[in-house]
Amino acid sequence: KSMLEEQVAQRTLHLQEQKELLQAITENVPGVVFQFYANDNGEAGVHYVSTKLSEIFEIEYIQDGALIFQQFSENIHEEDKQIWLESIQEAIEKQRPRKWKGRYTNPSGKVIWFEGHSIPTVRKDEIVFDGLFVDITDKIKQETALRQAKEDAEAANNQLEQRVADRTAQLNLKTERLMETNIAL
């Protein structure tokens, strides 16, 4: 082999190793790694989405990135859908990092909470956002349970304080009556 062929072979091997490493990382990240795009023609979609998409969001991977984005957006919870779309438009227009938290209804009907973070890069005819979606359903449930426990504890404390105040008032009244009886004697 010539020196050039050897360099090409080494470079090819190195690129293959890097590709496999990157694939392993994206498949093992606890969320969906994606690259969203919006081009000057008004088209939007994903150039890349990791396989966790089907595991977390129950959307099967297909080659059509615009259709994946459309399917995903259609499953955003009805109460969050308008905010979802507005936040995307704002991130595109202002070319700023995007952070979003909301609900998603899986095709099976299960509602999950997820959080997304992405960073934009402007290219000549499009803006792309490299990002990550993470399922935060358990975290939201824990926060809700903690908030409810705090509210319950505050309500119980308020009831206890009221009972103590009522009992104190009753004791004060009895003490006054005893004092009046003692004075009368």
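Because the structure is predicted, anything quoted here is derived from the model rather than measured. (Residues numbered from 1 in each chain as written. Predicted model: local features only at pLDDT ≥ 70, side-chain atom pairs only at ≥ 80, totals over all residues. Heavy atoms only, no water.)

Enquirer: Before we go on, may I ask you to explain unusual backbone geometry in this structure?
Expert: The general pattern is negative phi for most residues beyond glycine and trans for most peptide bonds. The phi torsion at Glu58 lies on the positive side, around 60°, for a residue other than glycine. You can see Glu58 is positioned in the loop between α2 (52-57) and α3 (65-74). Residue classification places Glu58 among the partly exposed residues on the basis of a relative accessible area of 31%. The phi dihedral of Gln95 is positive, around 50°, even though this residue is not glycine. (Helix = DSSP H or I, 4+ residues; strand = E, 2+ residues; numbered from the N terminus. Buried < 20%, exposed > 50% of the residue type's maximum accessible area, 1.4 Å probe, protein only.)

Enquirer: Any chance you could explain the pattern of salt bridges here in plain terms?
Expert: Between side chains of opposite charge, a pair can form when the charged atoms approach closely. Following the criterion strictly, the structure yields five salt bridges and no others. We note a salt bridge from Arg103 to Glu79, for which the minimum N-O separation is 3.2 Å. A residue pair is termed long-range when its members are at least 10 positions apart, and Arg103 in strand β3 (residues 98-105) and Glu79 in helix α4 (residues 78-94) qualify at 24 residues. Look at Arg103 and you get buried, because its relative accessible area is 16%. According to the relative accessible area criterion, Glu79 is exposed, its value standing at 59%. Across the pair Glu126 and Arg123 runs a salt bridge, and its minimum N-O distance is 3.4 Å. For Arg123, a relative accessible area of 40% corresponds to the partly exposed category. (Salt bridge = Lys/Arg side-chain N within 4 Å of Asp/Glu carboxyl O.)

Enquirer: Just to check I follow, could you spell out the nonpolar core for this structure?
Expert: Considering soluble globular proteins, one finds that nonpolar side chains tend to be buried as a cluster. Membership of the largest hydrophobic core comes to 24 residues, with the highest contact counts inside it found for Leu53, Phe57, Phe72, Trp84, Tyr104, Phe114 and Phe133. Sorting the residues of this core by element identifies β1 (32-39), β2 (44-49), α2, α3, α4, β3, β4 (111-122) and β5 (126-135) as the ones contributing at least two each. Tallying contributions element by element places β1 first for this core, with four residues. Beyond its immediate sequence surroundings of up to four residues, Phe72 is in contact with Leu53, Phe57, Ile59, Trp84, Tyr104, Phe114 and Phe133. (Core = buried A, V, L, I, M, F, W, Y, C linked by side-chain atoms within 4.5 Å. Contact = heavy atoms within 4.5 Å.)

Read these as layout, nothing more, since geometry by itself doesn't imply function.
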